[in-house]
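# Fold and contact review
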Amino acid sequence: MPLSYNQMTKSSNAMARVYKTPSRKPGVPVDNQLISAKGKGEIANVKPVDLNRVIRLLEDTLTVSLKERHLFTLKKIVKTYHKGFLLKDLENIFKIIDICSERIKDHEEYTSILHNLLKICGLPFLKEKTSDEVKYRDIAKQSLSRLGYLMRVPNADIRMQICASVSSFCSSPATKPTGMGLQPLSLSSRRELLEQSGVAETLVLSLALLQDQLAVRLEMLHTLQVLSSTSGVHCEVMLKAEAAQKLCLHMNEADPSGQLLFRSSEILWNLLERGCPQELTHQLSNMDSILCLKEAFLNQLQHGYRNYDQQLRNDLLVITTLIAENPKAPLIESGFARQLVHFATFPEMKSHNPLSRNLKLTFNNEDFEMKKLLLNMVVVMSQDLSAVQLFREGKVMLALMHLIKPPDTTQTSARSWTPVQQEELQLQALATLATLAPLMLEEYMTCQANTCILMLLEWCVQQDAYFSQGHSFHGTGGRGSKKAQLRYSVRLLRSMVSLDKPVINQDLCDQGAISLLLGLLMHLGGPDDEDVVTLEIKADLQLILSALCESDLHRKELFGTEGVDMAVRFLKMNPAKFYSGMGHSKLILSTVDCVWSCIIGCFTNEDVFLEKEGVYLLFDLIHSSPLTMHGVVLGALLELCDNPKALPHMRAWRGPGGVSVPQLLLQLWRQEEEDLGVQRDQHGRITDPLKPLVHPHQEEQSQVSSPADTPSAAVVDVAENQRSKIHGFFCKLGFEDLPGLTAEDFITLSIVNRYLDFKTGEVWEEISRELALEGVRPDTPDAEALATIAQATEDTAKRVVEQQSAILQKQEAEEAQKERETYAEIKSNHRQQELSAKSWEHFVAKTSDHRILKECKKLQEKSIEASRSRAKGRDSGTIYHHTHIAGLQTTTFCGRTMAVESTPAHLTGGPLANTDLALARVPITGGALRKLPQSAPQDLEHLNAVSVQ
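Residues numbered from 1 in each chain as written. Predicted model: local features only at pLDDT ≥ 70, side-chain atom pairs only at ≥ 80, totals over all residues. Heavy atoms only, no water.

## Observations regarding helix α4 (residues 90–103)
The end-to-end C-alpha distance of α4, which contains 14 residues, comes to 20 Å, matching closely the 20 Å that a straight helix rising 1.5 Å per residue would cover. Residues of α4 that are buried: Leu90, Asn92, Ile93, Phe94, Ile96, Ile97, Asp98, Ile99, Cys100, Ser101 and Arg103. Where α4 is buried, its residues touch α2 (51–59), α3 (67–80), α5 (109–121) and α7 (137–149). (Helix = DSSP H or I, 4+ residues; strand = E, 2+ residues; numbered from the N terminus. Expected span 1.5 Å × (residues − 1). Buried < 20%, exposed > 50% of the residue type's maximum accessible area, 1.4 Å probe, protein only. Contact = heavy atoms within 4.5 Å.)

So, in structure tokens, the structure goes:
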């Protein structure tokens, strides 16, 4: 039933009375704070605030117009939470903050309240329990996100306070509040909440709202700088919001304090270090960003005089270098690349360019860093071939040749680089030339760079007072010597001769480069150094010699005996050093390459190499080196086999355990097939006659059709493994009368012998498979030819299998015969033992049983009688004497004997009694003979008087 006008009036009056007597209606929020007489609104006793009632007070339609009570209650909240907000109250607190931000438009009185509330947001959140941190984590993240969204409030003070609160929340240390039972969140927890809230992305997007508020923008940049310096997550989020491009486009706007450019560059640097460099360079690789960087760099270069300005200039140059690594960056189109090339040649090259007319370097550390960054920029830009024309116009080659000159120790001018700086620039210029010179051959020859480099090499081996500091990256390992200069000079020569340009190589040889390089190698010592830099220099020198002498007989003759001695010296390296990790493996490979390119092919050098047992050293290297080195060594030895004098050396070589060259090569063949996965049985025989040489990887590649200009899998297999080289060796050595081979070796040799036939069959099989994959059917004669070839290959494989089986059967027969002979020998040994045992048993029986003894005696007499010859002429009266005694019952030979007794030896002393060699008298108790002492004359007379019985 609708109310009447009077009833509505009464209801209004009743509601008015409700506000006067709040106890009547408990649903309406009331404030029970006592107000002192000192002043209106001053809180005498602070009690906990019911935030839900405050929110109802602010939102209820009946109390929405009570502004004074709102302000009073909000001030109370600010004072109550002046130590920080509780995690459990964050949801209601930020509802109150949102309400205040909406009412600022119409009521400015809420501005100070909102400002104070936002200031408290910069303090660490408080927790009553440890579990609160986990329980209210999502609410805390949402609250921080809402804090970033408050940047929509069009008030500069509020925006600055938001930025300040975020910075304080991210960096301020946690302090324990005075209230009991409350703990602040740790710094790591607060930073984790900020990372998960995404407030960094919100702040980056709000930069568009601060075009006319420079102070707020600076504070915002400071906040972004703090966030980007503390976490990589913030950097990723900021890059997602395209922070790099936005900062770069506005870094050159007017700013009397200079903080705008500084903070923008610092944020970019943080994004570079902790974010994704590729994403940053992608955002800055546009014309507008590059032009902004160009303007900022030129301004700092021409007008910056403080150390702070020079550091900022160098930071911008580093960022530009990263952009230059992106091939799509319009660095050349913007004109920035031309200016950077011009600055890179300053002050070595004088110019009338307006940019450098008033440019003066102070030659301090920051200018030195800029010089090195510019040289590095030249190397980076050289990846774009269109920049080479800028290098030609800017005379970069001439400026670099000026930098690599030996330093002048007599120069003491303060307006120049210090000796340490000159050394670093010299080394970096050499490193830059190693990249740049192959792209500018005409300028390289015009500047007579070969002559300069050879002179620099001669300076490197001279003994003088030069002392290298070796502080820089390029000076590693060169302190106190010129080893660093030698290292980069040799590296530069290696990059040039590797181009295989006849003009450059001939110019080097005409200036005596071969003899100079050989002298350097002998000067540096043998291969047993433990210095990484020295080993690298030696390897590079050998590679340069290989490139110079590879295709020229006259240069090989210049290499001569001295070069052969050097190569033999390095081939004698200790094999244990191959795995040292210091570079010995690279050095031995470069030595083998030097043998292949500088010795093999020149009969004079080959003869000297053979005389110095070079073949033995190469086979020793194969036996002791890793599998990856075998290809180069086998290739050099195979080409050396063209010299007939080398074959006797190969046949005479013996490795550890008496291994011959054929045995070693067959072991390598089996090891190669095992690594490839070729199918063989346990004895090494062919298991699949259709695919006698195919391995799984080759079979996989054969299933796909390849272009016509691409070699097939069977052809590639010849170059990728060593089986073809091993087959070539046996073609030189022969397949018969090979010493020291076992049955396993003969089985492998049968496959090696037919390698070429099997490989030819593989190629024809691939041709047939390619035709089938492309849907081409050959005509009848071609099809019959292909089938005949395939059948011939299969028949050959089957014959090889039969030959291998015969070899295996022969081996088994030989092993069986050896086993029978061994058992026969064992049996004969046991037979002799049996005979000895029977003889002993018979002897024991004779001594134990008289009957047996008599039988043995009869047998003995019968045997003796039978063994005598029949005497002739027994009737002629010849007398025969029997030598045995009749009637004895023993089996021993007894006869008539005469015993003659004489003077005992112990009385006479023996026949040598009167000499120094007289025998000692033997005591009655026995013992060794002793020498008799000199007897007295009366003793001798007594002895002579003894009668003989």
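What follows continues from the structure just given.
## Structural notes on the packing of helix α30 (residues 553–571) against helix α32 (residues 603–611)
Remark: α30 packs on α32, axes separated minimally by 9 Å, with the N-to-C direction vectors making an angle of 25°. Relative to α32, the element α30 is oriented roughly parallel. Considering how the two elements wind past one another, α30 and α32 form a crossing that is right-handed. Touching Lys556, Glu557, Phe559, Gly560, Thr561, Val564, Val568 and Leu571 of α30 are Asn605, Val608 and Phe609, all from α32. Partitioning the contact of α30 with α32 into residue classes produces six nonpolar, three polar and two charged. (Axes fitted to C-alpha atoms, helices over the stretch in contact; angles between N-to-C directions. Parallel < 35°, antiparallel > 145°, perpendicular 65-115°, else oblique. Left-handed = near helix turned anticlockwise from the far one by under 90°. Nonpolar A, V, L, I, M, F, W, Y, C, P; charged D, E, K, R; others polar.)

## Some remarks on the pattern of salt bridges
On inspection of all chains with the given rule, the structure shows 38 salt bridges. Here Asp138 ties to Lys141 by a salt bridge, and the two come within 3.5 Å at their closest N and O atoms. A residue pair is termed a helical-turn pair when its members lie 3 or 4 positions apart in one helix, as Asp138 and Lys141 do in helix α7 at three residues. Its relative accessible area of 48% is what places Asp138 among the partly exposed residues. Linking Asp531 and Lys483 is a salt bridge whose minimum nitrogen-to-oxygen distance equals 2.7 Å. One end of the pair, Asp531, is in the loop between α28 (513–524) and α29 (532–549); the other, Lys483, is in helix α26 (residues 483–497), and 48 residues separate them in sequence. With a relative accessible area of 25%, Asp531 lands in the partly exposed category. (Salt bridge = Lys/Arg side-chain N within 4 Å of Asp/Glu carboxyl O.)

## A look at a nonpolar patch on the surface
Nonpolar side chains collect at one region of the surface, where Trp840, Phe843 and Val844 lie side by side and expose about 330 Å² of accessible area between them. Summarising the element assignment, Phe843 is placed in helix α42 (residues 780–848). (Patch = residues over 30% accessible without salt bridge, like charges linked within 9 Å, V, L, I, M, F, W, Y side chains within 5 Å. Areas by Shrake-Rupley, 256 points an atom, 1.4 Å probe, with all protein chains shown as cover.)

## Here's the deal with the nonpolar core
Proteins that are soluble and globular tend to have nonpolar side chains buried together. The biggest cluster of nonpolar side chains holds 226 residues, and the ones touching the most others in it are Ile77, Ile96, Leu545, Phe619, Leu637 and Met650. Not counting the four nearest positions on each side in its chain, Ile77 is found in contact with Val49, Leu51, Val54, Ile93, Ile96 and Leu117. (Core = buried A, V, L, I, M, F, W, Y, C linked by side-chain atoms within 4.5 Å.)

## Looking at the confidence of the model for the protein
Chain-level pLDDT for the protein is 84 on average; 84% of the residues reach the 70-or-more range. Here residues 1–46 scores under 50 on pLDDT; set against residues more than four positions off or in separate chains, the count is 35 contacts. This model gives residues 917–949 a pLDDT under 50, and the stretch forms 30 contacts once residues within four places in sequence are excluded. (pLDDT = per-residue confidence, 0-100.)

## Concerning the packing of helix α36 (residues 661–676) against helix α40 (residues 743–753)
Look at α36 against α40: their axes get within 10 Å of each other, and the N-to-C directions meet at 70°. Between α36 and α40, the crossing angle belongs to the class labelled roughly perpendicular. Mapping the contact onto sequence places Gln663, Leu666, Trp669 and Arg670 in α36 and Glu744, Asp745, Thr748, Leu749, Ile751 and Val752 in α40. Partitioned by chemical class, the residues of the contact of α36 with α40 number five nonpolar, two polar and three charged.

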